[in-house]
Amino acid sequence: MGKTFFTTPGGKKLITVIPGDGIGPEVVRSAQQIIEARGVPIEWEERYAGESVFKMGVPSGVLPETIESIRKTRVVLKGPLGTPIGYGEKSANVTLRKLFETYGNIRPVRELPGVPTPFSGRGIDLVVVRENTEDLYAGIEYMLTPGVAECLKLISRKGSEKIVRLAFEFARSERRKKVHCATKSNIMKMTEGTLKRTFEAIAPEYPDIEAQHIIIDNCAHQLVRHPEQFDVIVTTNMNGDILSDLTSGLIGGLGFAPSANIGSEVSIFEAVHGSAPKYAGKNTINPTALIMSAVMMLRHLDEYEAALDIEHAVLVTMESGVRTRDTLGDEGAVSTSVFTDTIIKNLGKRATNWSVRDYRPLQLPTFSTDPDWVHVTTRRTVGVDVFLESSLDAETLGHSLEQLAEGTALQLKLISNRGTKVYQPTGAMTDCIDQWSCRFMLADAQGDLTDAQLFTLLQHINSQHSFVSIVKLQDFDGQPGYTKSQGED
Ligand code: NAP
């Protein structure tokens, strides 16, 4: 594995370009014009995804020829994609990220000349490295009852290891000194805790980089109070989504926030912002985010000199006071095309008061494709959580389930409602809903629950109640692989 590019017979690197929706074509064209003016051995293969494709009746929003092109080129410059209301259940963006396993989303922000913010002068220059394929974003959702929705938060050791290694390698490539891991592991000990534990296990392999865990809510607070303390922040998908919009806000808004979706085989470069449809075709929006995403792409392609030239030309342009409407308002702002032309005119110049980092090639980590990532010596099924839909009260349901479990290998341990133990009663003032989690444990504390024993219990329960789902409770190497309810002993 590692970086693979498709080179044309003329010796140019072939890049799939997706103009996207709304303001997408304007910002993508701006970046292409600058790259072409600089002279970089790149050829574009234009392909489509997003609104126009949904409207053609393609449910994924991504055309087969787009997928074919990306499989070939492995590198994409992409405009934002919209999901028109009434078309497609899934975002075409998420589809592309998952289809090509771009597991890491790198979102840098830095203070820029002439973009006044409450933080100006503090030298903000940080990167959010967001896990890009797992977590709540896997989009596995169920209505368990007509009034109760569930979304599975899946975090794997493998996914965590990939994103943590990418964060450390990226820090090294940008000669950064510190990586924070931001999680909510104090509450979600298994899911968010997996990222924290993986981070702590891997950090010693990078002794040149300071590693520190931070609780995600404190991270948000610290980012607003003392953003200059951060260098790289690695985090889970949902946390990263929210934090990276916050960090965009620190430096002047979404018009300045680039990103790279990095995978072992394919990488997709795009602005953090969306298609901002109200500005489409108006020639007023800020193309900097997409231009800087293209600069990240050039470094990925090992075109370091071109990337340096374009980054300096952007800085020189902004130093000279030429800016778009989002920074200046209507007074004195230039159009998207004038902004682009000014950057082109400034190619070859160097910013006087603003520096550009000294980059080293990113060493993409390599991973086994073995799905069985964690091996344990012993495992035992010790019980089961049965999720029931019932309009009974906790006590009536509890007595009923105790009786139904008689004669089976399992005993009712407790019932919880929205995560709080409600049976046996604890005095908690829980406002119960019609979805109950009923925990049954093996009567034999040393036993290993068989499926036959489980099915017997479910048959007994189903004679009077309706179960909507079950989860086995397992011990791995003697450690419980499940959490306790609030109030559970
Ligand atoms: P958005 O398109 O990012 O726009 C939100 C606001 O951010 C705009 O109204 C504008 O603020 C500002 N903005 C964004 N890009 C700008 C730019 N280049 N220059 C100047 N200002 C900019 O978010 P949205 O309106 O929530 O989403 C619109 C569509 O985009 C949705 O269909 C969404 O699903 C999609 N989307 C796609 C991606 C992607 O493709 N990666 C990402 C996010 C959203 P003001 O109104 O204050 O001027």
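A. The arrangement of the overall build of the chain in detail. A tally of helices and strands in the chain yields 14 helices and 18 strands. Based on the C-alpha atoms only, the size of the chain along its principal axes is roughly 85 × 50 × 50 Å. Expressed as a percentage of its 489 residues, the buried residues of the chain come to 52%. Considering only residue pairs separated by 6 or more positions, the chain has 76% of its internal contacts joining residues 24 or more positions apart. Roughly 21,600 Å² of accessible area belongs to the chain as shown, and the carbon and sulfur atoms make up 52% of that amount. Within the chain, one finds 51 positive and 61 negative side-chain charges whose respective centroids are separated by 6 Å.

B. Up close: the site of the ligand. Of all residues adjacent to the ligand, which total 22 residues, the nearest are Leu81, Gly274, Ala276, Lys278 and Tyr279. Between the ligand and Lys278, the relevant distance is 2.8 Å, taken from an oxygen atom to a side-chain nitrogen or oxygen of the residue. At 2.5 Å, a side-chain N or O of Tyr279 approaches an oxygen atom of the ligand.

C. Summary view of the pairing of strand β14 (residues 410-417). In terms of residue burial, β14 counts as a mostly covered element, since six of its eight residues are buried. Inspection of the sheet shows β14 paired to strand β16 (residues 435-442) by six bridges, in the antiparallel sense. From the neighbouring strand, Ile415 faces β16, where its bridge partner is Cys438. In the sheet, β14 pairs with strand β15 (residues 420-423) via three bridges, with the strands oriented antiparallel.

D. Quick peek at the environment of Ser391. Along the chain, Ser391 falls in the loop between β13 (379-389) and α13 (394-405). Spatially, the C-alpha atoms of Ser391 and Gln435 are 8.4 Å apart, while their sequence positions differ by 44 residues.

E. Just a nonpolar patch on the surface, in detail. A surface patch of nonpolar side chains, amounting to about 270 Å² of accessible area, comprises Tyr142, Leu152 and Leu154. You can see Leu154 is positioned in the loop between β7 (148-151) and α5 (157-173).

F. Structural context of the sheet that holds strand β11 (residues 258-262). Here ten strands make up an open sheet; going across it, the order is β2-β1-β3-β12-β11-β4-β5-β10-β8-β9 and the pairing mixed. The open sheet terminates on both sides in strands that have one partner only, identified here as β2 (42-46) and β9 (210-215). Taken over all neighbouring pairs, the strand axes of this sheet differ in orientation by 25° on average, direction set aside. Pairing of strand β8 (residues 178-183) with β9 involves six bridges; the strand directions are parallel. Across the sheet, the residue bridging to His180 is Gln212, located in β9. Its contacts with the sheet put helix α6 (residues 191-202) on β8, β9 and β10 (232-235), and the angle it makes with β8 is roughly 160°. Sitting on the sheet, helix α8 (residues 237-250) touches β4 (104-110), β5 (125-131), β8 and β10, and the angle it makes with β5 is about 155°.

G. How the structure looks around the packing of aromatic side chains. All told, the structure shown has three aromatic pairs when counted by the stated rule. With 5.9 Å between their ring centres and 90° between their planes, Tyr103 and Phe367 make a pair best called edge-to-face. Taken as a pair, Tyr103 in the loop between α4 (92-99) and β4 and Phe367 in the loop between α12 (336-345) and β13 lie far apart in primary sequence, 264 residues in all. Just as Tyr103 is buried, Phe367 falls in that class too. Plain terms: the ring middles of Phe168 and Phe199 are 5.6 Å apart, the flat faces sit at 15° to each other, and that makes the pair stacked. Residue Phe168 is found in helix α5, and its partner Phe199 is found in helix α6; the two are separated by 31 residues along the sequence.

H. Geometry of the packing of helix α9 (residues 288-300) against helix α10 (residues 304-319). Where α9 contacts α10, the two axes come as close as 8 Å, and the packing angle between them is 160°. Classified by the interaxial angle, the pair formed by α9 and α10 is roughly antiparallel. The interaxial crossing formed by α9 with α10 has left-handed handedness. In this structure, α9 uses Thr288, Ile291, Met292, Val295, Leu298 and Arg299 to contact α10, whose residues at the interface are Tyr304, Ala306, Ala307, Leu308, Ile310, Glu311 and Val314.

Here is what the cut-offs are and how they apply
- In this numbering scheme, every chain counts its residues from 1 along its sequence in written order.
- Selection of residues for local features in this predicted model requires a pLDDT of at least 70, selection of side-chain atom pairs for listing and counting requires 80 or more, and totals for whole chains, interfaces and linings are taken over all residues.
- As a rule here, side-chain values come from all non-hydrogen atoms in the structure, and water together with hydrogens is ignored.
- To qualify as a helix, a DSSP run of H or I must reach at least 4 residues; to qualify as a strand, a run of E must reach at least 2; elements of each kind are numbered from the N terminus.
- Exposure is judged per residue with a 1.4 Å probe applied to protein chains only, and the accessible area is read against the type maximum: over 50% gives exposed, under 20% gives buried, and values in between give partly exposed.
- Any two residues having at least one pair of non-hydrogen atoms within 4.5 Å are treated as being in contact.
- Using a 1.4 Å probe, the Shrake-Rupley method yields the accessible areas, and only the shown protein chains count as cover for residues.
- For the charge count, each Lys or Arg is scored as positive and each Asp or Glu as negative, with His and the chain ends excluded.
- One atom stands in for each charge, and that atom is NZ of Lys, CZ of Arg, CG of Asp or CD of Glu.
- A single heavy atom is enough: if one lies within 4 Å of a molecule or strand, its residue is considered near that molecule or strand.
- A 3.5 Å cut-off defines polar contacts: any pair of N or O atoms within that distance qualifies, except that in protein one atom must be a possible hydrogen donor and the other a possible acceptor, and neighbouring residues in sequence count only when both atoms are side-chain atoms.
- Any two strands with at least two DSSP bridges between them are considered paired.
- Every patch collects residues that have over 30% relative accessible area and no salt bridge, joining them within 9 Å if they carry like charges and within 5 Å if they are nonpolar side chains (Val, Leu, Ile, Met, Phe, Trp, Tyr).
- In what follows, salt bridge is the name for a side-chain nitrogen of Lys or Arg lying within 4 Å of a carboxyl oxygen of Asp or Glu.
- Here, axes are lines fitted to C-alpha atoms. For helices the fit covers the stretch in contact, and angles between N-to-C directions go from 0 to 180 degrees.
- We call Phe, Tyr and Trp rings a pair once their centres come within 6.5 Å, taking the six-membered ring for Trp, and we label the pair stacked below 30 degrees between planes, edge-to-face above 60, and tilted otherwise.
- Each angle gets one of four labels, with under 35 degrees taken as roughly parallel, over 145 as roughly antiparallel, 65 to 115 as roughly perpendicular, and the rest as oblique.
- Two helices that cross are described as forming a left-handed crossing if the nearer one is turned anticlockwise from the farther one by less than a right angle, and a right-handed crossing if clockwise.

By themselves, these observations are geometric and do not establish any function.
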